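Single-letter residue listing:
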Amino acid sequence: QVQLVESGGGLVQAGGSLRLSCAASGRTFSTYAMGWFRQAPGKGREFVASITWSVGSTIYADSVKGRFTISRDNAKNTVYLQMNSLKPEDTAVYYCAGRQSRVTNVYNYWGQGTQVTVSS
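Residues numbered from 1 in each chain as written. Predicted model: local features only at pLDDT ≥ 70, side-chain atom pairs only at ≥ 80, totals over all residues. Heavy atoms only, no water.

With that settled, consider the overall build of the chain. Secondary structure summary: the chain contains zero helices and eleven strands in total. Its C-alpha atoms give the chain principal-axis dimensions of about 40 × 25 × 25 Å. For the chain, with 120 residues in total, the buried portion stands at 46%. Intrachain contacts of the chain at a sequence separation of at least 6 include 53% that bridge at least 24 residues. Summed over all atoms, the accessible surface of the chain reaches about 6,100 Å², with 49% contributed by carbon and sulfur. (Helix = DSSP H or I, 4+ residues; strand = E, 2+ residues; numbered from the N terminus. Buried < 20%, exposed > 50% of the residue type's maximum accessible area, 1.4 Å probe, protein only. Contact = heavy atoms within 4.5 Å. Areas by Shrake-Rupley, 256 points an atom, 1.4 Å probe, with all protein chains shown as cover.)

Shown next as structure tokens:
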């Protein structure tokens, strides 16, 4: 099993920045990639960004390209999401997730989430 703990959420004004962290523990070697997802009130969970542990390949949702950056620190088993130029529509609970498969886009492990609120 892999345990994921997010931190770094909070309240920020539009145009501001936040950095989320996701600390992974347990059988982290079993994960191929890590991702960030978010869920706004009344909406479904949506993909934000992902990164592979090995070479650091990244993918971003169009809505965050150029504003958010995902990174990882393999020595610390930690993944980060730097969020800049935040907008009120970025308000959501942000979840960290771990994926085992290199082929299928299924995330097997999930954190408890951290709230991000962007005020206008």
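This brings us to the pairing of strand E7 (residues 68-73). Alignment of E7 against strand E8 (residues 78-83), held across six bridges, turns out to be antiparallel. For Phe68, the partnering residue across the bridge sits in E8 and is Met83. Hairpin connection of E7 to E8: four residues between the antiparallel strands, including Asn77 at a positive phi of 50°. (Pairing = 2+ DSSP bridges.)

Of the pairings in the sheet, the one linking strand E1 (residues 2-7) to strand E3 (residues 18-26) comprises six bridges and is antiparallel in character. For Ser7, the partnering residue across the bridge sits in E3 and is Ser21. One ladder, built from six bridges, connects E3 with E8; its direction is antiparallel. Bridge pairing in E8 links Leu20 to Leu81.

The sheet built from four strands is open, its strands ordered E1-E3-E8-E7 with antiparallel pairing. The outermost strands of the open sheet, each flanked by one partner alone, are E1 and E7. Neighbour to neighbour, the strand axes of the sheet diverge by 15° on average, direction disregarded. (Axes fitted to C-alpha atoms, helices over the stretch in contact; angles between N-to-C directions.)

Limitation: the analysis is restricted to geometry and does not speak to function.
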